[in-house]
Amino acid sequence: MTDAPREPDIESGYPSPTITGSRRLMGPNLMHPGLGAVLDVVLDVGTPARNERLLKVWHERVSSLAAALDWPEAESTQRVYPGGASLFVHAPIDQLMTATEVCESAWVFAEARAAGAATEQSDALPGSLLGFARNEARPALRAVWDEATRLGLNVTFDETAVFVGTGAGSTGWSLDAIPDIGHIDWLAVRDIPIVLVTGSNGKTTVVRMVAAMASACGHVVGYTCTDGVWVNGVQVERGDFSGPVGARRVVQDPGVTLAVLECARGGMLRRGLAVQRASVAAIVTISPDHFGEYGITDLSTLAEVKLIVARAVTGTGTLVVNADVPVLMDATAQYPGRLRAVRVSECANVGITPAEVTLIPATLGGTARHNGVNATIALAVATELGLGAAAKAALMQFGTKADDNLGRLMLRTVGGVTIVIDYAHNPQSIAALIDATRAIPATRRAITLGTGGDRDDVAMAAIATAAVDSGCIDLYIAKEMPKFLRGRPAGSISSALLATLKRLAVPPEAMRSAASDMDAARAALEWAHPGDLLLLAVHDQREEILALLERLAASSWRPGTSLPAS
């Protein structure tokens with residue numbers, strides 16, 4: 001599945017309509033292990049020779065500008081894909097905004113050269129660029145970065161502050177109050193254990209499993225996921241914090257002694273990792289998803305994206321991977337660091353047997369096979385961290401409490417109707433949700449379907465197809481995602497899902513649409529009879545839906561009677 005080549009954008013505000021993106025990369029990233037800026041550009045697939053000249057001149061111009069700006073160790077790299085390219089320049093920590101200007105200026109220069117319009121004067125360093133660099137320069141910030149790098153310590157930073165070390169070993173300052181490095185007590189600065197978790201599915205569950213195990217072993221754990229940020233069991237931020245903002249929130253907390261950070265694809269591509277070093281990185285799964293964005297069009301390239309986390313552990317940490325994913329094993333065949341490949345069938349290598357895996361409550365007696373994979377990977381991470389026997393004991397209880405894994409395989413029974421709330425949002429997770437619940441007795445089964453608008457119609461079709469292919473669903477409710485349209489017109493998500501259901505010959509009476517998560521949940525409850533199973537793929541209004549279910553249980557609601565007003 002690929003997108004058509006992108007068209008130039010004359011309203012983007014960039015200095016050339018062929019520029020589709022320009023941003024800082026504030027940590028290890030797909031292009032480079034260091035900091036810098038990346039430029040996304042459109043290339044005409046019909047002019048390969050011209051494209052080659054454009055890229056050559058761009059690199060030459062970037063090199064010239066970097067030398068004039070006195071950037072040590074500056075280098076440029078590129079990723080070329082059908083219809084476009086991503087172009088990167090490595091830059092000092094206090095010149096990242098300037099680096100975006102360098103990339104854009106060099107591209108405009110290259111286009112002018114290609115058009116035969118570049119003048120001799122244009123070869124000089126633009127005065128505006130030099131002024132931009134001088135205004136951004138922060139020698140104290142660069143000195144702190146250089147010294148921390150020499151000592152092998154993490155540096156995390158944003159537009160207002162910088163921290164060296166992490167968690168209980170961190171210290172930080174506002175950018176305007178950074179002391180001379182000679183006045184910093186470097187002996188008191190250290191890094192806490194940090195775990196990075198990525199993958200197409202299962203990230204949040206693995207994060208929570210590792211956090212539960214580390215907490216049981218006495219750590220003050222901070223973790224991030226698509227639901228928010230938790231520190232020592234208390235939620236301190238709500239929303240999707242699976243990117244660098246959430247990571248900084250955790251690793252800059254002076255009370256945290258161990259951090260578990262979910263690393264979503266989008267955050268890594270847009271900004272890079274928030275940390276340069278970690279103890280363990282884990283890749284849970286890889287499946288076709290978000291193809292077409294940033295030139296990611298196949299599984300092997302997506303595997304490279306997931307392997308960004310490996311840049312943080314190559315030197316001194318461990319990379320844990322799911323050995324049952326062939327493309328992932330291919331991608332790590334030449335990995336130079338410590339690699340631990342695990343699979344459920346051989347989970348005794350991490351201190352648990354396949355029979356024990358089925359006893360973990362989150363696996364629903366083994367029917368939730370994906371949680372068996374998640375648990376095995378989580379235990380491998382715990383083993384690499386040296387967490388000990390208490391970790392396994394905590395894992396064996398994971399899923400006992402209702403809030404152990406919010407939004408993932410949450411079972412409720414109301415009025416004789418069984419309800420499962422899950423974050424399923426792509427074909428693989430929809431299939432896993434249905435498979436995990438096949439053993440639950442049910443007269444009829446309904447499912448709600450939805451996903452983010454950054455997926456194309458092909459991806460939408462695959463989600464609906466996964467549900468139909470299960471052969472056990474009696475009602476499909478295609479729902480809108482008002483908060484997650486991400487450029488799509490309102491109504492287009494449910495329309496795309498319904499179109500596929502119709503094409504797959506689902507009867508009209510077995511299809512419905514809903515304007516939101518809550519509307520979809522209410523429609524399912526209004527349809528339900530005692531003995532039915534409702535699979536609610538909830539992405540936005542989980543708390544409201546859980547509150548509704550509690551109200552129904554408290555009022556002894558029965559199917560067929562009215563629901564309370566929303």
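See the structure above.
Given the structure is predicted, the values throughout are model-derived calculations rather than measurements.

Focus: the sheet that holds strand β1 (residues 19-25)
Here comes step 1: The four strands are arranged β1-β2-β4-β3 in an open sheet whose pairing can be described as antiparallel. Edge positions in the sheet fall to β1 and β3 (76-81), since each of these pairs with one other strand and no more. Each strand axis lies, on average, 15° off the axis of its neighbour in the sheet, ignoring direction.
Here comes step 2: Sheet analysis places strand β2 (residues 36-42) next to strand β4 (residues 84-90), joined by seven bridges and oriented antiparallel. Bridging from a neighbouring strand, Gly36 pairs with His90 of β4.

Focus on the nonpolar core
Here comes step 1: Core analysis: the largest hydrophobic core is formed by 68 residues, its most contacted members being Met213 and Leu534.
Here comes step 2: Looking at this core element by element, the count peaks at eight residues for helix α11 (residues 369-385).
Here comes step 3: Excluding anything up to four places from it in sequence, Leu534 contacts Val417, Thr418, Ile419, Val420, Ala446, Ala524, Leu525, Trp527 and Ala528.
Here comes step 4: Residues Leu69, Leu129, Phe157 and Ile184 belong to the second largest nonpolar core, which totals 46 residues.

Comments concerning the packing of helix α14 (residues 457-469) against helix α15 (residues 492-503)
Here comes step 1: Where α14 meets α15, the axes come as close as 8 Å, and the angle between the chain directions of the two elements is 50°. On the basis of their axis angle, the class for α14 and α15 is oblique. For the pair α14 and α15, the sense of crossing is right-handed. Together, Asp457, Met460, Ala461, Ile463, Ala464, Thr465 and Val468 of α14 and Ile493, Ala496, Leu497, Thr500, Leu501 and Arg503 of α15 make up the contact between the two elements.
Here comes step 2: Class assignment for the residues of the contact of α14 with α15 results in nine nonpolar, two polar and two charged.

Some remarks on the side chain of Thr451
Here comes step 1: Mapped onto the secondary structure, Thr451 falls in the loop between β18 (445-449) and α14.
Here comes step 2: With relative accessibility at 0%, the residue Thr451 sits in the buried group.
Here comes step 3: A polar atom in the side chain of Thr451 sits 2.7 Å from the backbone oxygen of His425.
Here comes step 4: Excluding residues within four positions of it along the chain, Thr451 makes contact with His425, Met460, Ile463, Met481 and Ile493.

The rules we used
Residues numbered from 1 in each chain as written. Predicted model: local features only at pLDDT ≥ 70, side-chain atom pairs only at ≥ 80, totals over all residues. Heavy atoms only, no water. Pairing = 2+ DSSP bridges. Helix = DSSP H or I, 4+ residues; strand = E, 2+ residues; numbered from the N terminus. Axes fitted to C-alpha atoms, helices over the stretch in contact; angles between N-to-C directions. Core = buried A, V, L, I, M, F, W, Y, C linked by side-chain atoms within 4.5 Å. Buried < 20%, exposed > 50% of the residue type's maximum accessible area, 1.4 Å probe, protein only. Contact = heavy atoms within 4.5 Å. Parallel < 35°, antiparallel > 145°, perpendicular 65-115°, else oblique. Left-handed = near helix turned anticlockwise from the far one by under 90°. Nonpolar A, V, L, I, M, F, W, Y, C, P; charged D, E, K, R; others polar. Polar contact = N/O pair within 3.5 Å; in protein donor to acceptor, adjacent residues only side chain to side chain.

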